[in-house]
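What follows is each chain in one-letter form.
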Amino acid sequence: MVLSKLSLLATLLLLFVSCQDTPKTDGLQTQETPAQKAASLYSMHCAQCHGEDGKLGSSGAKDLSQSRLSDAAIIQMIKKGKNAMPPMEALLENAENIELVVQHIKGLRK
Ligand code: HEC
């Protein structure tokens, strides 16, 4: 009798724990592929100067379709900025997002 009460308790506990887990997966984030996330980060933070295709050149922005910077130089550019290009590290929040944007802008090259 004591044993079956215990196993009932254990089952309830397990159910409780597994229910706790579900709200963590935010619907929007799980459906977005890395490429989509990269594109939306770029649209949000870079396109106003560089344009969706990288060629806009607003406020003296360089044409990203012509850029031949290395990954390291792009990361430096994003983190520290240069002249009219503001530092974007805080806006992009983390290294993973910066890496996504690096891959995205390299995809704009011809
Ligand atoms: C406020 C306008 C502005 C925003 C927003 C902006 N940039 Fe720039 N970007 C510039 C300007 C201006 C330059 C040219 C800097 C210079 O060399 O004088 C530049 C240059 C660059 C370069 C160097 C290209 C080369 O070949 O020299 C890269 C790479 C770059 N931007 C990436 C990005 C990315 C990625 C974002 C978004 C996270 C972004 N930029 C957001 C204005 C902007």
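Conventions we followed
- Residues numbered from 1 in each chain as written.
- Predicted model: local features only at pLDDT ≥ 70, side-chain atom pairs only at ≥ 80, totals over all residues.
- Heavy atoms only, no water.
- Axes fitted to C-alpha atoms, helices over the stretch in contact; angles between N-to-C directions.
- Helix = DSSP H or I, 4+ residues; strand = E, 2+ residues; numbered from the N terminus.
- Parallel < 35°, antiparallel > 145°, perpendicular 65-115°, else oblique.
- Left-handed = near helix turned anticlockwise from the far one by under 90°.
- Contact = heavy atoms within 4.5 Å.
- Nonpolar A, V, L, I, M, F, W, Y, C, P; charged D, E, K, R; others polar.
- Salt bridge = Lys/Arg side-chain N within 4 Å of Asp/Glu carboxyl O.
- Donors = N, O, S within 2.8 Å, 3.2 Å for Na, K, Ca; no water.
- Tetrahedral: all angles 85-135°; square planar, octahedral: opposite > 155°, others 65-115°.
- Buried < 20%, exposed > 50% of the residue type's maximum accessible area, 1.4 Å probe, protein only.
- Core = buried A, V, L, I, M, F, W, Y, C linked by side-chain atoms within 4.5 Å.

Caption draft 1: Fine view of the packing of helix α5 (residues 71-80) against helix α7 (residues 95-106). In contact at an axis separation of 10 Å, α5 and α7 are set at 120° when each is read in the N-to-C sense. By the criterion of interaxial angle, the relationship of α5 to α7 is oblique. The element α5 and its partner α7 pack so that their crossing is right-handed. In this structure, α5 contributes Asp71, Ile74, Ile75, Ile78 and Lys79 to the contact, and α7 contributes Ile98, Glu99, Val101, Val102, Gln103, Ile105 and Lys106. The class makeup of the residues in the contact of α5 with α7 is 7 nonpolar, 1 polar and 4 charged.

Caption draft 2: Expanded view of the environment of serine 40. Considering the arrangement of structural elements, one finds serine 40 in helix α3 (residues 34-45). Each C-alpha atom, one on serine 40 and one on valine 101, is 9.2 Å from the other, the two residues being 61 residues apart in sequence.

Caption draft 3: Here's a closer look at the pattern of salt bridges. According to the stated counting rule, one finds 1 salt bridge in the structure shown. For aspartate 71, the salt bridge goes to lysine 106, with nearest N and O atoms at 2.7 Å. Placement of aspartate 71 in helix α5 and of lysine 106 in helix α7 is noted, with a sequence separation of 35 residues between them.

Caption draft 4: The arrangement of the environment of lysine 79 in detail. The residue lysine 79 is located in helix α5 in this model. Taking C-alpha positions, lysine 79 is 4.5 Å from glutamate 89, a pair spaced 10 residues apart along the chain.

Caption draft 5: Here's a closer look at the coordination of the iron atom of the ligand. The iron atom of the ligand binds to the protein through His50 (NE2) and Met85 (SD); the donor distances cover 1.9 to 2.0 Å. For the iron atom of the ligand, the 6 donor atoms in the first shell make angles of 88 to 179° at the metal, a pattern classed as octahedral. Of this pair, histidine 50 sits in helix α4 (residues 47-50) while methionine 85 sits in the loop between α5 and α6 (89-92), placing them 35 residues apart in sequence. Methionine 85 sits in the partly exposed class, given a relative accessible area of 21%.

Caption draft 6: Quick peek at the nonpolar core. In terms of nonpolar packing, the biggest core is built from 16 residues, with Tyr42, Ile78, Leu92, Val101 and Ile105 touching the most fellow members. Of all the secondary structure elements, the ones that give two or more residues to this core are α3, α5 and α7. Broken down by element, the residue count for this core peaks at 5 residues, all from α7. Non-local contacts of leucine 92, meaning those with residues more than four positions away in its chain, are made with Leu41, His45, Ile78, Asn97, Ile98 and Val101.

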